[in-house]
Amino acid sequence: MTQATEPSLAVAVVTAVLVLAGATLTLIGAVGLLRLKTFYERVHAPTMGSTLGSGCVLIASIVLFSALESRPVLHEIAIGVFLTFTTPVTFMLLMRAALQRDRFGEGARGREPPDGKDH
Amino acid sequence: MRRWLPFPLLWLSLTTLWLLLNQTLSVGHLLLGALIAWVVCHVYRRLDARRGTRSRPWRRAGAAVRLFADVAVDIARSNAGVARIVLDPGTRARTAGFLDVPIDLHDPLALATLACIVTATPGTAWAGYDADRCVLTLHILDLIDEAAWIQVIKDRYETRLREIFE
């Protein structure tokens, strides 16, 4: 696993574009987490980072290291697979907890939480 | 064949995953991965509540590939949609809300796959599933046209998932 050689210009450009795109999407997702008003709206925003955002970064990693090591480097695919399979678990847990709270708990004043501070 | 290798697709996926994780195609790892995957397939047969194998695995693999392509396009599109909402709030009327979708899927694996799809798509979130009424509740960030959303879930995903799992 020596990485002494420099990547070619084309590879460097493609990698840079993909990494920046992924980082931008994740950043927009994080901004959305801040900006949107209610819990239920907010859960949507970080999904951008966990899908297309991480996807772009993973593809960038595949491109760069395949070029540097002159062989297909594909184990990043496994990261994508595990992300996709595991996020719904936490996600549904949070969603069910919020619904439970709003129906029966302290914040039971309609379906939206009273304010955005407590999450 | 079926007795000997109960879930060919699961076996193939696990062997591939083993090779990916070890980053090799050497004969030793190929054999080891295939053996481990084979054992896991037999363990899974014991765990599988339906106690049966499914028919026509390769045709279902084709349907799964088509579903994956559809979902990839949808994810890209809804990422753009959510980005627009986050960066440019208040330019047009938008309502977020819950949506009940009557759904005709009973297979737990099909429902789990649908949960992965819905969660992976920004703008839609899984809010619950009522097994008695067969109603799936989603939370949707940009709920303009309820009928159109129901159409998307039923036509795009439910049909494909039934093709794969039933």
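Residues numbered from 1 in each chain as written. Chains lettered and ligands numbered in written order. Predicted model: local features only at pLDDT ≥ 70, side-chain atom pairs only at ≥ 80, totals over all residues. Heavy atoms only, no water.

Caption draft 1: Structural view of the packing of helix 1 (residues 8–22) of chain B against helix 3 (residues 57–87) of chain B. All names here are of chain B. Viewed as axis vectors pointing N to C, helix 1 and helix 3 meet at an angle of 60°, and their least axial separation amounts to 9 Å. Accordingly, the angle class assigned to the pair helix 1 and helix 3 is oblique. Together, Pro8, Leu9 and Leu12 of helix 1 and Pro57, Trp58 and Ala61 of helix 3 make up the contact between the two elements. Looking at side-chain class alone, the contact of helix 1 with helix 3 contains six nonpolar, no polar and no charged residues. (Axes fitted to C-alpha atoms, helices over the stretch in contact; angles between N-to-C directions. Helix = DSSP H or I, 4+ residues; strand = E, 2+ residues; numbered from the N terminus. Parallel < 35°, antiparallel > 145°, perpendicular 65-115°, else oblique. Contact = heavy atoms within 4.5 Å. Nonpolar A, V, L, I, M, F, W, Y, C, P; charged D, E, K, R; others polar.)

Caption draft 2: Geometry of the packing of aromatic side chains. Summed over the entire model, instances satisfying the criterion amount to three aromatic pairs over all chains. Pairing phenylalanine 39 of chain A with tyrosine 40 of chain A gives two aromatic rings, centres 5.6 Å apart and planes at 85°, and the pair type is edge-to-face. For tyrosine 40 of chain A, a relative accessible area of 1% puts it in the buried group. When the ring of tyrosine 40 of chain A is compared with that of phenylalanine 98 of chain B, the centres are 5.2 Å apart and the planes differ by 75°; the resulting orientation is edge-to-face. One end of the pair, tyrosine 40 of chain A, is in helix 2 (residues 39–42); the other, phenylalanine 98 of chain B, is in strand 1 (residues 97–102), on a second chain. We note that tyrosine 40 of chain A, like phenylalanine 98 of chain B, is buried. Three or more aromatic residues joined by ring pairs form one cluster here, namely Phe39 and Tyr40 of chain A together with Phe98 of chain B. (Phe/Tyr/Trp six-rings, centres within 6.5 Å; stacked < 30°, edge-to-face > 60°. Buried < 20%, exposed > 50% of the residue type's maximum accessible area, 1.4 Å probe, protein only.)

Caption draft 3: A look at the sheet that holds strand 2 (residues 124–130) of chain B. The strand order across the open sheet built from three strands is 1-3-2 (chain B), with neighbouring strands paired in antiparallel fashion. Two strands bound the open sheet, and with one partner strand each, they are strand 1 and strand 2 of chain B. For this sheet, the mean inter-axis angle between neighbouring strands, taken without regard to orientation, is 25°. Bridge count for strand 1 of chain B against strand 3 (residues 135–140) of chain B is six bridges, and the pairing is antiparallel. Counterpart to proline 102 of chain B in the pairing with strand 3 of chain B is valine 135 of chain B. Strand contacts of helix 4 (residues 76–104) of chain A: strand 1, strand 2 and strand 3 of chain B, with the helix running at about 70° to strand 2 of chain B, the strand carrying the most contacts. (Pairing = 2+ DSSP bridges.)

Caption draft 4: Molecular detail of the interface of chain B and chain A. In this complex, chain B contributes 31 residues to the contact, which on the side of chain A involves 32 residues. Both faces considered, chain B and chain A share a buried interface measuring about 2600 Å² in area, 74% of it formed by carbon and sulfur atoms. It is Gln23, Val86 and Phe98 of chain B that lose the most area in chain B upon contact with chain A, and together they represent 23% of the buried surface on that side. Where chain B touches chain A, the interface holds nine residue pairs in polar contact (both at pLDDT 80 or more). Here the element with the most residues in the side of chain B that touches chain A is helix 3 of chain B; it accounts for seven residues. (Buried area = accessible area lost by both parts, 1.4 Å probe. Polar contact = N/O pair within 3.5 Å; in protein donor to acceptor, adjacent residues only side chain to side chain.)

Caption draft 5: Layout of the domain arrangement of chain B. Residues and elements named next belong to chain B. In terms of domain boundaries, chain B breaks down into domain 1 (8–48) and domain 2 (57–165). The centre of domain 1, based on its C-alpha atoms, is set 31 Å off from the matching centre of domain 2. Domain 1 puts four residues into the contact, and the matching count from domain 2 is four residues. Taking both sides of the interface into account, the surface hidden between domain 1 and domain 2 amounts to around 320 Å²; carbon and sulfur atoms contribute 85%. Contact with domain 2 buries area across many residues of domain 1, yet Pro8, Leu9 and Tyr44 alone supply 90% of it, more than any other trio. Here domain 1 and domain 2 share zero salt bridges between them. The interface formed by domain 1 and domain 2 holds zero residue pairs in polar contact (both at pLDDT 80 or more) in total. Examining the composition of the side of domain 1 that touches domain 2, we find that three residues originate from one element, helix 1, more than from any other. (Domains from an automatic or database assignment. Salt bridge = Lys/Arg side-chain N within 4 Å of Asp/Glu carboxyl O.)

Caption draft 6: Main features of the confidence of the model for chain A. Considering every residue of chain A, the mean pLDDT works out to 83; 85% of them sit at 70 or more. Of the regions scoring below 50 in pLDDT, residues 113–119 of chain A engages in 14 contacts with residues more than four places distant in sequence or in other chains. (pLDDT = per-residue confidence, 0-100.)

Caption draft 7: Representation of the pairing of strand 3 of chain B. Residues and elements named next belong to chain B. Taking burial as the measure, the six residues of strand 3 include six buried ones, the bulk of the element. Of the two faces of strand 3, both are covered, the one formed by Val135, Thr137 and His139 as well as the one formed by Leu136, Leu138 and Ile140. Taking the residues that link successive antiparallel strands as the turn, the strand 2-strand 3 hairpin has four residues, and the phi of cysteine 134 there is positive, at about 60°.

Caption draft 8: Spotlight on a nonpolar patch on the surface. Residues Leu74, Ile77, Val81, Phe82 and Phe85 of chain A together with Leu21 of chain B make up a contiguous nonpolar surface patch of about 540 Å² in total accessible area. The element best represented in the nonpolar patch is helix 4 of chain A, accounting for four residues. Following the sequence through the fold, phenylalanine 85 of chain A ends up in helix 4. Phenylalanine 85 of chain A sits in the exposed class, given a relative accessible area of 53%. (Patch = residues over 30% accessible without salt bridge, like charges linked within 9 Å, V, L, I, M, F, W, Y side chains within 5 Å. Areas by Shrake-Rupley, 256 points an atom, 1.4 Å probe, with all protein chains shown as cover.)

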